[in-house]
Amino acid sequence: AENLAQVQKNINESCNKINRDPNEVTLIAVSKTKPVEMLKEAYDAGARVFGENKVQEIVDKYDQMPSDVKWHMIGHLQTNKVKYIIDKVSMIHSVDSYKLAAEIDKRAGAKGITMDILLQVNSAQEESKFGITTAETEELIHEILENCENIRLRGLMCVAPFAEDPEDIKVYFDEVKKQYDQFAGIEHPHLDFKYLSMGMSHDFKVA
Ligand SMILES: *Cc1c(COP(=O)(O)O)cnc(C)c1O
């Protein structure tokens, strides 16, 4: 509860600095590897959005947590595992190929739902990270819009490189924001950009 309050306070302070309404910012409690007891503590302290990066963990935790929890898949997702989480998560942050998008589209269609997705952009082009380049993003968006009926593109996600001083990686957040802005005004039944998923514990203030 104390950590959660501290993070929220930091979000509020960062928003105040740039005259931004802190209510526009969603704090995602990244609960991967953490036991359900700890998630319940966070829930009791007000957390409602939880981020996980393993399919099996979402499946295990899903039934043990209250039904008003929103689960976000933030980690690399294998095509053959989409079916296990399609009716459990409210957003998939880590779409990085047309093949994955097509599978999400197919599985969402079978359940009669529309899945909100973000495209994972690796703006620093780190070998060790998943994600498409900013150059590939536009093409993937067009491919998805042409072919996928059961997906709504809601924005972009970026995991920046680690830096001792997060100010040093501002440029990577800037690049993704710039690309986000190119699509943010567009009205389309399957594209409604509203989310930039950026910032981890050590760099969220800069993000
Ligand atoms: C683990 C993870 C986070 C949270 O990292 P912390 O450093 O624990 O805040 C955020 N985003 C993604 C994509 C992650 O995998």
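Residues numbered from 1 in each chain as written. Predicted model: local features only at pLDDT ≥ 70, side-chain atom pairs only at ≥ 80, totals over all residues. Heavy atoms only, no water.

Caption draft 1: Just the overall build of the protein, in detail. Along its length, the protein carries seven helices and seven strands. In sequence order, the protein lays out its α and β elements as α-β-α-β-α-β-α-β-α-β-α-β-α-β. At 17 Å, the protein has a C-alpha radius of gyration in line with the 17 Å of a compact globule built from 207 residues. Burial analysis of the protein (207 residues in total) assigns 41% to the buried set. Total accessible area computed for the protein in this model is approximately 11,600 Å², and 46% of it derives from carbon and sulfur atoms. Across the protein, the centroid of the 25 positively charged side chains sits 5 Å from that of the 35 negatively charged ones. (Helix = DSSP H or I, 4+ residues; strand = E, 2+ residues; numbered from the N terminus. Rg over C-alpha atoms; globule rule 2.2 N^0.38 Å. Buried < 20%, exposed > 50% of the residue type's maximum accessible area, 1.4 Å probe, protein only. Areas by Shrake-Rupley, 256 points an atom, 1.4 Å probe, with all protein chains shown as cover. Lys, Arg positive; Asp, Glu negative; His and termini not counted. Charge placed at Lys NZ, Arg CZ, Asp CG, Glu CD.)

Caption draft 2: Region of the structure containing the sheet that holds strand β6 (residues 151-158). Strand order in the open sheet made by the seven strands is β1-β2-β3-β4-β5-β6-β7, with parallel pairing throughout. A single partner strand is all that each edge strand has here, and the edge strands are β1 (29-30) and β7 (191-198). The sheet contact formed by strand β4 (residues 89-95) and strand β5 (residues 115-120) spans three bridges and is parallel. Paired with I92 across the strands is I117, a residue of β5. (Pairing = 2+ DSSP bridges.)

Caption draft 3: Up close: the pairing of strand β2 (residues 49-52). Alternating positions in β2 separate into two faces, V49 and G51 on one and F50 and E52 on the other, with burial throughout. As paired strands, β1 and β2 are joined by two bridges and run parallel to one another. When the sheet's bridge partners are listed, V30 is paired in β2 with G51. Pairing between β2 and strand β3 (residues 70-73): four bridges, direction parallel. Bridging across to β3, V49 finds its partner in K70.

Caption draft 4: Fine view of the packing of helix α6 (residues 134-147) against helix α7 (residues 170-184). Closest axis-to-axis distance for the α6/α7 pair is 11 Å, and the angle between their directions is 25°. With respect to each other, α6 and α7 are oriented roughly parallel. The crossing of α6 and α7 is right-handed. Contacts between α6 and α7 pair T134, T137, E138 and I141 from the former with E175, Q179 and F183 from the latter. Considering only residue class, the contact of α6 with α7 consists of two nonpolar, three polar and two charged. (Axes fitted to C-alpha atoms, helices over the stretch in contact; angles between N-to-C directions. Parallel < 35°, antiparallel > 145°, perpendicular 65-115°, else oblique. Left-handed = near helix turned anticlockwise from the far one by under 90°. Contact = heavy atoms within 4.5 Å. Nonpolar A, V, L, I, M, F, W, Y, C, P; charged D, E, K, R; others polar.)

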